[in-house]
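# Notes for the structure review
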Amino acid sequence: MTVPGDKSISHRYAMLAALADGASTLTNYAPGADCQSTLSCLEALGVQVERPGPGRVTISGRGLGGLRAPTGPVNCGNSGTTMRLLSGLLAAHPFVTTLIGDASLTGRPMRRVMAPLTEMGAHIESAEGGRPPLVVSGGALHPIAFAPSTPSAQVKSAVLLAALHTAGTTTVTEPARTRDHTERALAAFGVTVVCEDHTVRLTGPQRLTARALQVPGDLSSAAFPAAAAAALPGSEVTIDAVGLNSTRTALLNVLRRFGAEVEMHVDTRVAGEPMGRITVRHQRYQPLTITPADVPELIDELPVLAAMATFGGGLTVSGAGELRVKESDRISSLVGGLRALGADATEAPDGFTISPLRQLTGGRVDAHGDHRLAMAFAIAGLGASGPTTIDGADIVAVSYPGFFADLERLRA
Ligand code: S3P
């Protein structure tokens, strides 16, 4: 099977294509609502976007600093990546933009991007508590040396997108490694960016060259069928053309630690992004512990790992307080949902524990407007003795519109 194009990479290619000189063509662009939000935001900022067929997008770049003032609020939908990365771009444009989002996004913290962008010279106002809407008044910026206390690829990327427009050298030094798609995408569009250990250095301004790029499959979407195969006795799944960037593959090691047999083969590299095939086969159940050091590279996969651990082995996660400010409070909603399905699960301030010793019964759960929770509950439900009903399950369209159809095909 294959999975939809990578969400993180799609956002970045679209934004960089909008800034490039010339027209870029993207293939296997993520079909989920989040990446469509990025395209419609770019259109609201004067960028011409064509959609000639499924997964194909042509973006006519406006050149560095060439975005136009929008005529109304720019709607990021459910997408935190869209709002945070666009804040970085807009910080360098000399006009005022109001960024809004849906109810989930309106509850999410934005100070983490406001602080460094303000330090660079932008003016950004938010609602109470640093929440959206954001009103970004951009203009000429100055470079900074930024060392965030919490690792975040979105924050790093917002600063790098601002730095691209800014005369001088900006550095971002992170306390731990985070996904490096922005760095690789910048290089693919012709920008010189220097990465050493956990520091990224970018000297602006630099212009970008339009490109034709293929987006690899999203390993965070592949995580759902992969975890199902690891959990269900007698199962095996092979996923082709999936992104295998080493800042994203921690999941595969965790599946091995869980007892699954995992093969990974990189067969090509597109714009610096390795892609290839993975095969995951059930073997046995072993207990899993996810420590604070594991969390940054696994953050999006923790809901499905919790679902997988209900089959056997169990799971303890700590140092993952960040889960509370994702698309939902992914600690209390996840634990509450798995308990409703019969799991023995307990919440901690910065994590949770799933005990291995109880088969799920099934039942009724709410997706809490969170695509990854809807999919995690579906995987958990595969191991239950009775049926599982997920209210609000159509939220999977945020990242993986064909999720239920794919799951049904795999089951057959
Ligand atoms: C993302 C980074 C991560 C991740 C999110 C996508 C990105 O968020 O959870 O789904 O595309 O940069 P943080 O930067 O908040 O850790």
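This part is about the environment of Pro225. Relative to the elements of secondary structure, Pro225 occurs in helix 8 (residues 219–231). Residue Pro225 is classed as buried on the basis of its relative accessible area, which comes to 6%. In sequence terms Pro225 and Met1 are 224 residues apart; their C-alpha atoms lie 9.6 Å from each other. Every residue in contact with Pro225, bar those within four places of it in the chain, is listed here: Met1, Val237, Ile239 and Leu410.

Okay, the pairing of strand 11 (residues 199–204) next. Pairing between strand 9 (residues 168–173) and strand 11: 6 bridges, direction antiparallel. Across the sheet, the residue bridging to Gly168 is Gly204, located in strand 11. Direction of pairing for strand 10 (residues 193–196) relative to strand 11: antiparallel, over a ladder of 4 bridges. The partner of Glu196 across the bridge, within strand 11, is Thr199. Count of turn residues in the strand 10/strand 11 antiparallel hairpin: 2 residues, of which Asp197 carries a positive phi of about 50°.

Neighbouring the ligand are the residues Ser8, Arg12, Thr81, Ser152, Ala153, Gln154, Arg179, Ile299, Asp300 and Lys326. In the model, an oxygen atom of the ligand is placed 2.6 Å from a nitrogen or oxygen of the Ser152 side chain. Between the ligand and the protein, one listed contact pairs an oxygen atom with a backbone N or O atom of Ala153 at 3.1 Å. In the complex, the protein chains occlude 93% of the 390 Å² of accessible area that the ligand would expose alone. For the shell around the ligand, the secondary structure elements donating two or more residues are helix 1 (7–19) and helix 6 (153–163). Here the shell around the ligand is composed, by residue class, of 2 nonpolar, 4 polar and 4 charged.

If you walk across this open sheet you meet the 4 strands as 8-9-11-10, and the pairing is mixed. Edge positions in the sheet fall to strand 8 (145–146) and strand 10, since each of these pairs with one other strand and no more. As paired strands, strand 8 and strand 9 are joined by 2 bridges and run parallel to one another. Each residue of the ladder has a partner; that of Ala145, found in strand 9, is Thr171. Against the sheet, helix 7 (residues 181–188) engages strand 10 and strand 11, with an angle of about 145° to strand 10.

Another aspect to go through is the domain arrangement of the protein. Taken domain by domain, the protein consists of domain 1 (7–214) and domain 2 (219–411). Put simply, the middle of domain 1 and the middle of domain 2, counted by C-alpha atoms, are 28 Å apart. If you look at the interface, domain 1 gives 25 residues, while domain 2 gives 25 residues. In terms of surface lost to domain 2, no three residues of domain 1 exceed Arg177, Arg179 and Arg184, which account for 30% of the buried area on that side. Summed over the shared surface of domain 1 and domain 2, the number is 4 salt bridges. Between Glu297 and Arg177 there is a salt bridge; the shortest N-O distance is 2.8 Å. Put simply, domain 1 and domain 2 have 14 residue pairs in polar contact (both at pLDDT 80 or more) between them. Elements with a minimum of two residues in the side of domain 1 that touches domain 2: helix 1, helix 2 (33–44), helix 7 and strand 12 (212–214). For the side of domain 1 that touches domain 2, the element with the highest residue contribution is helix 1, accounting for 4 residues.

The next thing to look at is the pattern of salt bridges. Two side chains with opposite charge may pair up if their charged atoms get near one another. Tallying each qualifying case throughout the model produces 26 salt bridges. Here Asp6 makes a salt bridge to Arg248, at a shortest N to O gap of 3.0 Å. On the criterion of sequence distance, the pair formed by Asp6 in the segment before helix 1 and Arg248 in the loop between strand 13 (236–243) and helix 9 (250–258) is long-range, its members being 242 residues apart. Accessibility classification places Asp6 together with Arg248 in one group, the buried group.

The next subject is the side chain of Ser37. When you line up the elements, Ser37 lands in helix 2. Using a relative accessible area of 11% as the deciding quantity, one classes Ser37 as buried. Contact partners of Ser37, with chain neighbours within four places excluded, come to Asn75, Cys76, Gly77 and Thr82.

Cut-offs applied
Residues numbered from 1 in each chain as written. Predicted model: local features only at pLDDT ≥ 70, side-chain atom pairs only at ≥ 80, totals over all residues. Heavy atoms only, no water. Helix = DSSP H or I, 4+ residues; strand = E, 2+ residues; numbered from the N terminus. Buried < 20%, exposed > 50% of the residue type's maximum accessible area, 1.4 Å probe, protein only. Contact = heavy atoms within 4.5 Å. Pairing = 2+ DSSP bridges. Near = heavy atom within 4 Å. Polar contact = N/O pair within 3.5 Å; in protein donor to acceptor, adjacent residues only side chain to side chain. Areas by Shrake-Rupley, 256 points an atom, 1.4 Å probe, with all protein chains shown as cover. Nonpolar A, V, L, I, M, F, W, Y, C, P; charged D, E, K, R; others polar. Axes fitted to C-alpha atoms, helices over the stretch in contact; angles between N-to-C directions. Domains from an automatic or database assignment. Buried area = accessible area lost by both parts, 1.4 Å probe. Salt bridge = Lys/Arg side-chain N within 4 Å of Asp/Glu carboxyl O.

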